[in-house]
Amino acid sequence: MPQSWSDRGTITAVLGPTNTGKTHYAIERMLAYRTGVIGLPLRLLAREVYDKIVALRGPSVVALVTGEERIVPPRAAYWVCTVEAMPTGLGADFLAIDEIQLCGDPERGHVFTDRLLHARGLHETLFMGADTMRPAIAALVPRAQFMKRERFSQLTYTGSKKLSRMKPRTAIVGFSVNNVYAIAELLRRQRGGAAVVMGALSPRTRNAQVEMYQNGDVDFLVATDAIGMGLNLDVDHVAFSALMKFDGQRMRVLQANEMAQIAGRAGRYMTDGTFGVTGEAPPLDDELVEAITEHQFDPVRKLHWRNPDLNYASADALVRSLEEVPRGDDARWLMRARDADDLLSLKTLSQLQHLRPRLKGAKTVNLLWDVCRIPDFRSISHGEHTSMLEQIFGFLQDLGRVPDDWLANKIKRIDRTEGDIDTLSKRLAYIRTWTYVAQRNGWVDDENHWRGETRAVEDRLSDALHGALTQRFVDRRTSVLLRRLKQKEGLVADVNDKGEVMVEGEFVGRLEGFRFSQDKSATPDEAKTLSQAAMAALAPEFHLRADRFYNAPDTEMDFTEQGGLMWGTSAVGKLVAGDEALKPRVVAFVDDEAGADVATKVERRLQHFIDRKVAALFEPLLAMSRDETLSGLARGFAFRLVENLGIIPRDQIAQDVKELDQEARGALRKHGVRFGQYTIFMPALLKPAPTRLRLLLWSLAAKHDESPDSPPPGLVTIPALNGAPDGYYAMSGYRLSGARAIRIDMLERLADLLRNCDSRGGFEATPDMLSITGMTLEQFSDLMEGMGYKGEKGERVKVKAPAETPKAKAALSEGASEVAAQPQTDVTDAGADATSAGASEAEAQPEADTAGSAETPPQETPAQETPPQEAATAGTAPAEPAEMEVFYTFTWAGNRGARRQGGERQNRGGNRDNNRDGQQAGGERSERQGGKPRREGAKGGAKGKGGPKGGKRDDKPKSFEARPPRKEKPIDMDNPFAAALMGLKDRK
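Overview of the structure. (Residues numbered from 1 in each chain as written. Predicted model: local features only at pLDDT ≥ 70, side-chain atom pairs only at ≥ 80, totals over all residues. Heavy atoms only, no water.)

### Some thoughts on the overall build of the chain
Okay, so step 1: For the chain, the count of helices and strands is 33 helices and 36 strands.
Okay, so step 2: The buried share among the 988 residues of the chain stands at 50%.
Okay, so step 3: Of the roughly 47300 Å² that the chain leaves accessible, carbon and sulfur atoms contribute 50%. (Helix = DSSP H or I, 4+ residues; strand = E, 2+ residues; numbered from the N terminus. Buried < 20%, exposed > 50% of the residue type's maximum accessible area, 1.4 Å probe, protein only. Areas by Shrake-Rupley, 256 points an atom, 1.4 Å probe, with all protein chains shown as cover.)

Rendered as structure tokens:
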């Protein structure tokens, strides 16, 4: 050591563990002098200290010098540098070196050792670091004074914890890029994300990541061991994800002092900190824990050293001087550093045959050494790196500078911000090389331009990398919501017209009615946070929505055919079976988190809605159930009708109908009950709306898993459904007959027309029959077979109808279309209207079971046959071929023989319950399907026509009655058609 240094100011070694304020003390001491310089181990830390001093003294007097960044104002008084970039010969009043224990680092130790031995301030020199350097400093710097600093807070070991159980404000340390990324990805899925800090990041990227952590956007930090080099962060806990690291040559176990340096980042100033392990890292043994917490480590025995006195006479002489070993009294503390990248590059380039002749003179060798000291920021192969160095050396030797176009082309290839994290990181490493080149004095023509250009590209890439890191490792939605939940501030939910729920500007899910469905793109780890934040924010929204729903009109609500209750397009509940079919109960769809008050209000409003809907659509039925004037059999019959929702197939209550007298029937008719031949029903309840609700209520009462759909409105017949449940057609207002089902009111009109037909002699379908059903002749034949008739198909010569006047033709067409397109209510009403145009007397009387059939038994006339003469005449058409037409002759297919055997004919139309004597109590003709009367004069079981055997055939038309004439009953004066019946009787 030169003797002249012994007289230069004071030398103080400020030693102690982390969180002792050493760096802060050095800054205060430097600012107490007129000039000063401080060397720091990391570019990131240098930038942090630079920003602090600028805040205190202003940018005009503070310089920042690193390998890739140089900010030197004209009046610079305070220099903040990386240790490698510290300028020599400044003659500053104050000088400080931080993290002096890095003298023992295999890669960079020789630089710190050189500063320990040779760097001094004119008035004061400070060395800050771990107490393990005390013996070495005492031996190598005899004049040094020692200042011991105690840690401000306690450090405690907490053992091993899973990442999912880590408390907020935790730093997880990894020792490789892949390890850091894997941990950050896991934290994103489980805890909302993490900031990433690595030594390879640019200061701009690092600062953006740290700011995100410091501001609370994320609660976790994932870092490499660079975090241990003086980076000051608000960290409460440090967790090691591994206990081994790659030191540039091999994997090795972390030393106790290295772990203490990293663990010491936990607990800033007076706040206690903790440390532990996570992931695959094994728990720490007790001795290691005690060493870290008590700061008891083995002292540094050897410092890495490289000869600072270089010989530039030749390349070989330079290499030999760099490879010298320590000598003298200090040799026992010093050891030659292993070959660094710069020395390896020098050896390679100096051995190139085409380059050796050019390495003449100390200036050229010095230039080659300066080029070789360009760091391998790109971490590419040694061959590629030396090839680039050779090219730069050639430019500098031949041209005296690096060509602008060549440098511009290199920078242009890097200046792209698209790509993933790895791609952007590589581009940042590349631009650091050209930033370093631009920072060297005299290597480029316009230094300020290229320094600004490379700095701008680095900033753009840094911003892009920060964005990529944030996008990949931070779930902003989860992190924002977690932060607001932690702050216990009121969260406000914004629900748009699509039901999308936004909390603090983040989409969290959808609100459908009073049920929240969180975003399905969220991972299971995010789901809990989303649910907590959404429910906290939606609490007032639930109450406001419940108030709006309670005051909403019924027109905004509806029920579905499966029992769902809708408010607009949102499902808010469902119907379930109640004690009675007409009194269903509701179940509201309300999340438990909305509260009991909201659920009660929604349920009460839904119950009001469905009660009013039932009351409106089933008003005739409910009025009949409340009529206290009904008594006896009529009241019991009304009860049965209410139980069956206003529709009962007649064969199910045939005995009850027999027992009803005319007075009881009249009382029921006043409520709109129609006693049809096949069905007892209330025509007002055949409208589409009551039918839709009736099917739903019936399905609920019958406990069907699925409610069948109601038929489309306005159809007279519908196709038969496969697997339709029992009772479906009746509740739909239809009766199954063959391959189709016919509406019950239209079936009664058809039955009225069939009463006047000769069902034994045979008859053909009339236009009125086809018009009522809206069927083709073939479809009508299938319908009639379902009703118990037999249709025999035949062909004949078509007789052309006489020409019709336009007026008659229009009238006929209008009448047919009116019947076919008539709505349900009109059809029923027409059947009850005695003055309806074109209706028969039987059709005009809805009480077909009493007055129409009992007092005036239907007459049957034999089918008219075509005279042979007409057929012959038709067959003698001279030129044109005869046009044939298909026709069906229908006869009753039932027989008493089958009934005597107790058989029950089963057709596609359903059951045919046959009465043995063909009559009902009270002298009424059987109105059940299949109960056609016997022809007059026929013997029991005979299939042929009645009449004397061998008698002369009488071709005149004859009328036959189904039973012997009976005594007429008096006309019921309460019957609304009594006047019409009296008029008919007077005519007779």
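### Overview of the pattern of salt bridges
Okay, so step 1: For the structure shown, the criterion picks out 45 salt bridges.
Okay, so step 2: Its salt-bridge partner being Asp131, residue Arg134 comes within 3.4 Å of it at the nearest N-O pair.
Okay, so step 3: Assessed through its relative accessible area of 30%, Arg134 is described here as partly exposed.
Okay, so step 4: Asp445 is paired through a salt bridge with Arg401; the nearest N and O atoms lie 3.1 Å apart. (Salt bridge = Lys/Arg side-chain N within 4 Å of Asp/Glu carboxyl O.)

### Re a negative patch on the surface
Okay, so step 1: A cluster of like negative charges, contributed by Asp285, Asp286, Glu287, Glu290 and Glu294, occupies part of the molecular surface.
Okay, so step 2: Following the sequence through the fold, Glu294 ends up in helix 8 (residues 286-294). (Patch = residues over 30% accessible without salt bridge, like charges linked within 9 Å, V, L, I, M, F, W, Y side chains within 5 Å. Lys, Arg positive; Asp, Glu negative; His and termini not counted. Charge placed at Lys NZ, Arg CZ, Asp CG, Glu CD.)

### Examining the sheet that holds strand 2 (residues 36-40)
Okay, so step 1: One open sheet accounts for 8 strands, arranged 4-3-5-2-6-7-1-8; its pairing is mixed. With one partner strand each, in any of the chains shown, strand 4 (70-71) and strand 8 (145-148) form the two edges of the open sheet. (Pairing = 2+ DSSP bridges.)

### Things to note about the nonpolar core
Okay, so step 1: With 73 residues, the main nonpolar core has Phe514, Leu582, Phe618, Leu621, Met624 and Leu668 as its most contacted residues.
Okay, so step 2: There are two domains that each give this core at least three residues, and those are domain 3 (552-710) and domain 4 (714-798).
Okay, so step 3: Those residues in contact with Leu582 that lie beyond four places of it in its chain are Val614, Phe618, Leu621, Leu622, Val642, Leu645 and Leu697.
Okay, so step 4: With 62 residues, the next largest nonpolar core counts Val49, Val65, Phe112 and Leu140 among its residues. (Core = buried A, V, L, I, M, F, W, Y, C linked by side-chain atoms within 4.5 Å. Domains from an automatic or database assignment. Contact = heavy atoms within 4.5 Å.)

### A word on the sheet that holds strand 24 (residues 564-567)
Okay, so step 1: On the basis of which strands lie adjacent, the open sheet formed by 4 strands has the order 23-24-25-26 and antiparallel pairing. Each edge of the sheet is formed by a strand with only one pairing partner; in this case those strands are strand 23 (557-559) and strand 26 (583-588). Direction aside, the axes of adjacent strands within the sheet are offset by 30° on average.
Okay, so step 2: In this structure, strand 25 (residues 570-580) lies alongside strand 26, joined through 5 bridges in antiparallel fashion. (Axes fitted to C-alpha atoms, helices over the stretch in contact; angles between N-to-C directions.)

### What to know about the packing of helix 10 (residues 341-350) against helix 11 (residues 362-372)
Relative orientation and spacing of two packed helices are given, respectively, by the angle between their axes and the distance between those axes.
Okay, so step 1: Put simply, helix 10 and helix 11 touch, their axes get as near as 8 Å, and they point 130° apart. The angle between the axes of helix 10 and helix 11 places the two elements in the oblique class. You can see that helix 10 and helix 11 cross each other, and the crossing is right-handed. Facing helix 10, whose interface residues are Asp342, Leu343, Ser345, Leu346 and Leu349, helix 11 presents Leu368, Trp369 and Cys372.
Okay, so step 2: Within the contact of helix 10 with helix 11, the residues separate by chemical class into 6 nonpolar, 1 polar and 1 charged. (Parallel < 35°, antiparallel > 145°, perpendicular 65-115°, else oblique. Left-handed = near helix turned anticlockwise from the far one by under 90°. Nonpolar A, V, L, I, M, F, W, Y, C, P; charged D, E, K, R; others polar.)

### Brief notes about the packing of aromatic side chains
Okay, so step 1: Under the definition given, this model contains 16 aromatic pairs.
Okay, so step 2: For the pair Phe514 and Trp567, a centre-to-centre distance of 6.1 Å together with 10° between the ring planes defines the contact as stacked. Of this pair, Phe514 sits in the loop between strand 21 (506-512) and strand 22 (515-518) while Trp567 sits in strand 24, placing them 53 residues apart in sequence.
Okay, so step 3: For Phe514, a relative accessible area of 0% translates into the label buried.
Okay, so step 4: Relative accessible area serves as the criterion here: at 15%, Trp567 is assigned to the buried category.
Okay, so step 5: In this arrangement the basic side chain of Arg169 is found over the ring face of Tyr213, its NZ or CZ atom lying 3.9 Å from the centre. (Phe/Tyr/Trp six-rings, centres within 6.5 Å; stacked < 30°, edge-to-face > 60°. Lys NZ or Arg CZ within 6 Å of the ring centre and 35° of its normal.)

### A closer look at helix 8
Okay, so step 1: When helix 8 is considered as a whole, its buried residues turn out to be Leu288, Val289, Ala291 and Ile292. Viewed end-on, helix 8 has its buried residues packed into an arc of 160°, placing them on one side of the element. Of the exposed residues in helix 8, those oriented more than 90 degrees away from the buried face are Asp286 and Glu287.
Okay, so step 2: Those residues of helix 8 that are buried lie in contact with strand 9 (155-160), helix 7 (256-263) and strand 16 (273-277). (Arc of directions from axis to C-beta.)

### Quick word on unusual backbone geometry
Okay, so step 1: The phi dihedral of Asn19 falls on the positive side, at around 60°, and the residue is not glycine.
Okay, so step 2: Phi angles above zero are rare outside glycine, and Lys703 is one such case at about 60°.
Okay, so step 3: Inspection of the secondary structure puts Lys703 in the loop between helix 23 (688-701) and strand 30 (717-719).

### Notes on the environment of Asp592
Okay, so step 1: Within the fold, Asp592 resides in the loop between strand 26 and helix 18 (596-617).
Okay, so step 2: Along the chain, Asp592 and Arg515 lie 77 residues apart, while their C-alpha atoms are 9.0 Å from each other.

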